[in-house]
Each structure stands twice: as C-alpha cells, then as structure tokens.
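# Per-entry structural report
So the chains spell out like this:
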Amino acid sequence: MDNVSWWAIASALAAGCLGLSVPGLLATLPLRLRPLPRLALAAPASLALIGCVGVIDGLLHLRFHWSHVLIAAAVIAAVLWPIREKRPHWSRPRLSALLPVTAWAVSSVAFALVLLHQVPSFDLFSQSYDNLFHLNATQSILETGNASSLQLRTLINTDRTISTYPAGWHTAAAMICQITGVSIGVAFNALAIAVVSVAWLPGIAWLTSLVVAQRQRTAGLCASLLLGTAFGFFPYALLIWGVLYPTFLAYALFPSGLALAMLLAHVWLPRWAPAVSDQVRPWAWNDRWMLLGLAAVWWLGAFFTHPRSLVSMVLLIVPLVLWICARAIAVAWKAGGARRRRMLWWLGGAFAFVSVAAVAAVLVVFRVFHVASRPVGDHLNGPQAQAVQTVWDGLWQVLTQNALVGLGLDMTGPLIILAIVVLTGLVIAFRRSDLRWMIVAYALIAVLFAIAAGSNSDMTKILTGLWYKDRYRLSALLPLLGVPLATLAVLRIAALTRWPRVVALGSATIVAASGWVGLWAPVGAAAAHEYRLENVKTTDFVDARQIAFMRQVADVVPADQLLLGDPWDGSGLSWLYADRRPVFPHLNGQWDPDRLLIAQHLDQIESDPAVCTALRHLNVHYLLVSTGEFDGGDPSGNKFAAIDTAVSQGLFTPVLSDGESALLRIDQCS
C-alpha cells in the first residue's frame with residue numbers, strides 16, 4: 001500500500017465507521033437501549049436515513065451532502081425526545097466490557113489484513129464486471145449531487161427519468177469522499193472494512209447473545225466477535241467475486257435483522273416462540289410497538305442496500321416461523337376441545353393460503369422465465385450460474401468450511417478446526433428444541449448452495465433463481481448461523497472445565513486464528529488478482545499506463561462535454577481518471593436513441609446526418625480509445641462495434657496518443 005498515505009487510509013476508515021454509525025446512534029438516542037443492540041441497530045438506522053435523505057434531496061432538487069443525513073438524524077431525535085423514558089437508564093461501562101471491545105478490534109484488524117495484505121495499494125479496486133457501474137454510480141453522486149435510489153439506475157437506463165437502484169453503498173462511499181477527499185477506490189476499501197466492523201460484527205454478536213446463557217454473556221460476545229471474520233464464505237467471498245458490494249452490505253445487516261425477528265416472536269408470541277436470554281430486554285416502554293418500529297427501520301435500511309437480497313432474509317426467517325407454528329399446533333392439539341378445533345380451522349386456512357401462494361409462485365416463474373416461449377434451461381447461463389462441481393462437492397465444502405472465493409474452483413481450502421466446532425454446534429442446537437430451526441435453516445442454505453454450484457437442471461434454476469443461481473449469494477448466508485453455532489460449541493466445551501471463561505476465550509481465539517491462518521494465503525491471492533493494476537493491459541479494464549493517459553485528457557476535453565468510447569476497452573472509467581463523463585458508463589444498459597445510434601452507426605458519420613445530430617445532442621466532440629478489451633470482449637456480441645469500426649477506418653483526428661491509448665477529435669460535426 002505504497003501510493004496512499006496512512007493518514008488518508010485512517011481518515012477514510014474513520015469516516016466510514018462514523019458515517020455508518022453516528023446518524024443511527026443520534027436518531028435512536030432517546031430510546032432506552034442497551035449498548036449492544038444500540039450498536040447493532042446503528043448501521044441499519046444510518047442506512048435508512050442515508051437512503052431517505054438521498055430520495056428527498058432528489059425530489060427537492062438539492063445536492064446531496066453528508067451533513068443532510070446528520071440534520072435528518074437530529075430532527076428524528078428531537079421528534080422522539082418527548083416520548084423518551086422519564087428517567088433514562090445509562091449503562092455504566094464495566095471493566096469486563098474491555099474484553100469484547102478488544103475482540104472486536106482484533107477481529108476487524110484481522111479481516112482487513114486477510115483481505116488486503118497482498119493488495120499493493122489501498123486505492124486499487126476490483127476490476128470486475130459489476131464494479132464499473134458501482135464506481136461510476138458513486139462518481140455520479142459526487143458530480144451531480146443526486147443520490148436518489150429512484151434515479152441512480154438512470155445512469156445506464158438513459159432512456160428513462162425514473163429507474164430505481166439501491167444507493168446505500170454508493171452514497172455511503174460518496175460520504176467518505178466528501179468528508180475526507182480520498183479517491184473512490186480508497187473509499188470502497190475503507191467502507192468494506194467499516195461495514196464489517198460497524199454492521200456485521202455488532203449484529204452477529206447481538207444475535208449470538210440471544211442464544212447463550214446470561215452467565216456466559218461476556219465469553220459469548222468475545223467468541224462471536226472473533227469468529228465473525230474467520231469464515232471464508234462471508235465476509236470475504238462477496239468482496240472478491242462479483243464484486244457484489246450492495247449484496248455484501250445487505251448481508252452484513254442480516255444478523256441484527258434476524259435478532260429482531262427472534263425478539264419480535266418472543267414478545268408477541270411468548271408462549272410458542274424460542275426463549276431468548278434475559279439480558280436482551282432493554283426496552284422500558286411497550287416492547288411490542290418499539291420492536292415493530294425498529295424492525296420497520298431495519299427493513300427500510302436493508303431496502304436501500306439491496307432489496308433483492310431480502311429474499312435471503314425471508315429464507316432465514318421461514319424456519320423460525322415454521323418452528324413457532326409447529327409448537328403452537330402441538331400445544332393446541334394437546335389442549336383439545338375448542339382450542340384444538342380453532343387450531344384446525346387456522347391450519348386449514350393456512351393450507352389454503354399456501355396452496356394459492358404455490359400456484360401464484362408457479363405462474364410467476366412461468367412469467368419471469370417466459371417458459372411459454374423460452375425453456376427454463378435457456379435462462380441463468382452466465383458464469384456465476386454455471387455448475388462447477390458436483391452437488392456432493394458442495395455439501396462437503398459446507399461441512400469442511402471450504403469456501404469458493406473466485407470464478408471456477410478457486411477455494412480457500414478446508415478449515416478443519418472451524419468445521420469441527422460448527423458441527424459440534426449443530427449437535428448442541430439439535431439437543432435444544434428452541435434452536436432446531438437454526439439447523440433446518442443451515443441445512444436449507446447448504447442444499448441450495450450445493451445444487452446451485454453443482455447442477456444446471458431446470459428445477460435447480462427454479463429453486464435458486466431468486467438468487468440468480470449464484471452460489472456465492474447462497475453460501476454467504478452460512479456464517480450468519482455458523483457463528484452462533486460455533487460459539488455455542490466453544491462455550492459448551494469451556495463449561496466442562498474449571499475455568500470456563502478463560503478456556504472459552506482461549507478456545508475462541510484458537511478457532512478464529514486457525515480460520516485467519518487458513519484464509520490468509522488463498523484470500524490474499526484471490527484479492528490481489530481481482531484488485532490488480534498491471535503495467536501492460538491484458539484482460540483488465542485499465543492498466544497504469546492508461547490511467548496516466550486519461551489524466552492528460554482533462555487538459556484537452558472541455559469539462560461540459562461527454563467523452564465517447566467503447567466501455568469494454570476501459571474508456572468507461574474516464575469519469576474517475578479524466579473527470580469527464582463517459583457516454584457509456586457501463587458495459588450494458590438500456591440506452592436512449594441517441595446513444596444507440598452512436599453505438600451502432602458511428603462508422604456512418606460521413607453519410608448519415610443523424611449521427612452528428614446525436615453527437616450534438618449529447619455534446620460529444622472527442623473519442624477515447626485503447627487497446628485490449630475487458631475479459632476478452634462482450635461474450636454476447638459487440639454492442640459498440642460501430643465505434644471500433646470508425647476508429648479502425650481512421651475517420652477522426654488524433655490529438656493525444658501514447659501508443660496504447662489515443663484521444664481522437666470528431667471533426668465531421670463541426
């Protein structure tokens with residue numbers, strides 16, 4: 001990490017952590033919450049505020065600024081202040097709190113080192129398909145001031161004025177850039193570390209605290225915090241494959257969301273819901289409605305990260321709901337009489353509802369997949385959906401904690417100690433009836449991952465289509481339950497000794513360290529490959545030479561002009577390095593008629609006046625070209641062939657060139 005100062009890195013990390021926590025902490029300040037749930041809910045509340053402020057600023061035609069989020073948080077705190085507890089309870093910090101804080105810090109640092117220790121500079125970013133959009137979307141927020149999720153996708157759907165895409169990740173990264181002035185590459189890497197530190201780790205610690213005994217709370221918190229970054233499936237894989245930043249952000253919120261679901265069940269259905277630890281009842285007034293309000297805020301925050309990922313949250317909650325229903329049915333059946341009859345009526349109604357929902361789901365599948373005109377097998381054939389192994393290989397990877405982290409069969413290798421601890425946790429959960437739903441959820445995720453990675457059948461595509469048949473989106477859910485299960489095992493083993501707390505802390509450290517050591521080389525190598533910057537372009541978007549050339553382009557191309565280029569050769573990144581907005585900021589999109597005409601007919605510029613008309617409408621006078629194409633070019637056909645043809649025919653005037661890249665002036669439309 002030679003190119004970015006340590007001060008810039010530290011300031012970006014601080015801005016990321018504060019941006020994800022301070023707005024939520026301020027807005028929930030009047031609520032009587034204990035430290036752990038307050039910290040766990042800070043990130044979801046902050047993202048809900050960030051998303052809402054972005055939309056409101058867009059509707060009011062205001063430029064987004066990070067201070068607007070703080071103002072909104074202060075307004076909400078002021079509104080809630082009159083209904084606060086008359087005598088709010090402030091927990092005094094105890095010496096024992098130093099242990100969880102230390103575990104949190106160690107785990108956060110370990111995550112950052114495991115992920116980025118082979119990446120030569122902190123400002124490098126993943127040179128992957130999706131990231132071109134994420135980089136330009138963040139640059140768009142900084143340049144235009146529009147952070148509205150209702151319009152973010154208009155960046156690539158230029159034929160529309162409203163096109164939604166969740167702006168949570170991009171706006172949070174833009175806030176880091178606004179506060180510190182760092183580049184977007186630095187902001188992305190800092191935000192990834194902040195998400196794990198501020199969202200994932202507090203959330204997984206809170207979720208784990210619901211299933212451990214009160215007397216084991218401190219040891220359980222430390223164990224869960226340490227183990228939270230020891231799994232390869234998450235948080236590492238989603239930052240290497242894809243790169244799936246919005247999905248990664250959404251999954252980091254899932255532990256706190258699942259904890260809220262358990263608490264809602266416990267408060268609203270105390271007779272049938274799983275028991276939770278006494279230490280998690282921090283609300284002083286009307287627990288039911290307070291929890292509902294917090295759950296609504298959580299879902300709003302998750303919506304602004306990646307709404308499609310909420311299907312995964314439903315997958316986690318369904319086994320819990322079914323467990324509660326099964327227990328309620330058993331209690332009613334045992335009671336007999338009128339209670340049994342009411343239960344049968346409810347059961348019949350539920351069966352009818354499920355039947356109708358199943359029929360509706362089949363109809364949706366037929367409509368979404370266009371089965372009438374196109375077989376299911378013609379869908380979901382991209383690289384992320386291709387089977388790369390057998391189903392049994394996938395199940396074995398789950399058992400051995402051998403995570404897929406790259407395209408094909410790039411794996412971390414088995415993490416034997418961690419795997420043994422998780423399997424022990426599954427046995428312990430099976431012996432506790434209130435935790436058996438966790439086993440069902442874990443097994444369901446494992447099976448879906450195994451068939452997604454190991455089968456291309458139509459049924460597999462239907463079952464995993466909501467996740468794009470993406471093995472990474474499914475396997476990333478495993479640590480969400482794996483961390484609490486592993487913590488239960490560590491605590492149970494330690495309880496058999498004379499010094500349970502010391503043994504628990506030591507055992508958790510050993511298990512976590514074994515995970516970090518096992519992940520060190522494979523994750524580091526995979527990250528270095530994705531976050532590389534070559535001196536000579538091969539199959540990447542850009543290399544160091546092209547970046548240096550693009551920095552010169554700003555001296556020639558006026559600031560109010562768009563810059564034309566084939567995005568597959570790296571010109572789509574001109575916004576980042578030349579500060580000139582590209583005509584095509586992504587490899588794919590739904591382009592307006594002017595852009596489509598240019599992409600398909602630029603080579604006819606001297607014979608078709610409509611081409612010049614389109615160029616004038618977009619205010620385009622220069623063309624940026626470079627050798628090489630990302631990943632060998634568009635596998636579905638070159639949508640920008642006319643641009644490449646026009647360049648090869650020598651239709652434009654060279655202005656700058658370094659032998660690899662060139663800036664050409666379009667003189668035909670003067």
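Data block above holds the structure.
All values derive from a computational prediction rather than experimental measurement. (Residues numbered from 1 in each chain as written. Predicted model: local features only at pLDDT ≥ 70, side-chain atom pairs only at ≥ 80, totals over all residues. Heavy atoms only, no water.)

### What about the state of the cysteines?
Overall, the coordinates contain one disulfide when judged by the stated rule. Through a disulfide, cysteine 612 is tied to cysteine 669; the S-S separation comes to 2.0 Å. Taking the torsion about the sulfur-sulfur bond, which here is approximately -80°, the covalent link between cysteine 612 and cysteine 669 counts as left-handed. Highlighted residues: cysteine 612 in helix H24 (residues 609-618) and cysteine 669 in the segment after strand S4 (661-665), separated in sequence by 57 residues. Of all cysteine sulfurs, the one in cysteine 177 lies closest to cysteine 17, which takes part in no disulfide; the gap is 15 Å. On the basis of relative accessibility, which here comes to 23%, the residue cysteine 17 falls in the partly exposed class. You can call cysteine 177 buried: its relative accessible area is 8%. (Disulfide = S-S within 2.5 Å. Helix = DSSP H or I, 4+ residues; strand = E, 2+ residues; numbered from the N terminus. Buried < 20%, exposed > 50% of the residue type's maximum accessible area, 1.4 Å probe, protein only.)

### Topic: the pairing of strand S3 (residues 653-657)
Bridge count for S3 against S4 is four bridges, and the pairing is antiparallel. Looking across to S4, one finds that leucine 656 is bridged to leucine 663. The loop that links S3 with its antiparallel partner S4 comprises three residues; one of these, glycine 659, has a positive phi angle of about 90°. (Pairing = 2+ DSSP bridges.)

### Some remarks on the packing of aromatic side chains
A full pass over the atoms with the stated rule returns 20 aromatic pairs. With a centroid separation of 5.0 Å and 70° between ring planes, the pair formed by phenylalanine 188 and tyrosine 245 is classed as edge-to-face. Here the residue phenylalanine 188 occupies a position in helix H7 (residues 184-209), and tyrosine 245 occupies one in helix H10 (residues 245-268), the gap between them amounting to 57 residues. Across this residue pair, the class does not change: phenylalanine 188 and tyrosine 245 are buried. (Phe/Tyr/Trp six-rings, centres within 6.5 Å; stacked < 30°, edge-to-face > 60°.)

### Focus on the packing of helix H23 (residues 593-601) against H24
Where H23 meets H24, the axes come as close as 9 Å, and the angle between the chain directions of the two elements is 130°. Relative to H24, the element H23 is oriented oblique. Crossing handedness for the pair H23 and H24: left-handed. Between H23 and H24, the contacting residues are Asp594, Arg595, Leu597, Ile598 and His601 on the first element and Ala610, Val611, Ala614, Leu615, His617 and Leu618 on the second. (Axes fitted to C-alpha atoms, helices over the stretch in contact; angles between N-to-C directions. Parallel < 35°, antiparallel > 145°, perpendicular 65-115°, else oblique. Left-handed = near helix turned anticlockwise from the far one by under 90°. Contact = heavy atoms within 4.5 Å.)

### What about unusual backbone geometry?
Following phenylalanine 234, the chain continues into proline 235 via a peptide bond in cis, with omega recorded as 15°. Assignment of secondary structure puts proline 235 in helix H9 (residues 232-240). Of note, the amide linkage connecting glycine 242 to valine 243 takes the cis form, showing an omega dihedral of -5°. The topology assignment puts valine 243 in the loop between H9 and H10. Of note in this structure, lysine 469 is not a glycine but carries a positive phi near 55°.

### Some thoughts on the packing of helix H2 (residues 35-59) against helix H3 (residues 66-80)
For the pair H2 and H3, interaxial distance at closest approach is 9 Å and the crossing angle is 110°. Between H2 and H3, the crossing angle belongs to the class labelled roughly perpendicular. Seen from H2, the contacting residues are Leu49, Ile50, Val53 and Asp57; seen from H3, they are His68, Val69, Ala72, Ala73 and Ile76. A breakdown of the residues in the contact of H2 with H3 according to their chemical character gives seven nonpolar, one polar and one charged. (Nonpolar A, V, L, I, M, F, W, Y, C, P; charged D, E, K, R; others polar.)

### Focus on the environment of leucine 315
Looking at the secondary structure, you find leucine 315 in helix H12 (residues 310-335). Since its relative accessible area comes to 13%, leucine 315 is described here as buried. Once you skip the residues sitting within four places of it in the chain, leucine 315 turns out to touch Leu444, Ile445, Leu448, Trp467 and Leu477.

### What about the sheet that holds strand S1 (residues 562-564)?
One open sheet holds the four strands; their spatial order is S1-S2-S4-S3, and the pairing between them is mixed. Each edge of the open sheet carries a strand with a single partner, namely S1 and S3. Along the sheet, successive strands turn relative to each other by an average axial angle of 35°, direction set aside. Bridge analysis of S1 against strand S2 (residues 620-626) gives three bridges, and the strand direction is parallel. Pairing of leucine 564 across the sheet is with leucine 623, part of S2.

### With respect to the environment of serine 309
As for its placement among the helices and strands, serine 309 is situated in the loop between helix H11 (287-303) and H12. Overall, the relative accessible area of 5% leaves serine 309 in the buried class. The contacts of serine 309, once residues within four sequence positions are left out, are Thr247, Ala250, Tyr251 and Phe254.

### With respect to the environment of tryptophan 81
Inspection of the secondary structure puts tryptophan 81 in the loop between H3 and helix H4 (98-116). Residues tryptophan 81 and leucine 29 lie 52 residues apart in sequence; the distance between their C-alpha atoms is 8.3 Å.

### Here we look at H3
Under the 1.5 Å per step criterion, the end-to-end length of H3 is 22 Å for 15 residues, consistent within 8% with the ideal 21 Å. Within H3, burial applies to Val69, Ala73 and Ala77. On an axial view of H3, the arc spanned by its buried residues comes to 75°, and they lie on one face. Exposed and facing more than 90 degrees away from the buried side of H3 are Ile71, Ala78 and Val79. (Expected span 1.5 Å × (residues − 1). Arc of directions from axis to C-beta.)

### A few points about the pairing of S2
In terms of residue burial, S2 counts as a mostly covered element, since six of its seven residues are buried. Note that S2 and S4 share five bridges and pair antiparallel. Across the sheet, the residue bridging to tyrosine 622 is arginine 665, located in S4.

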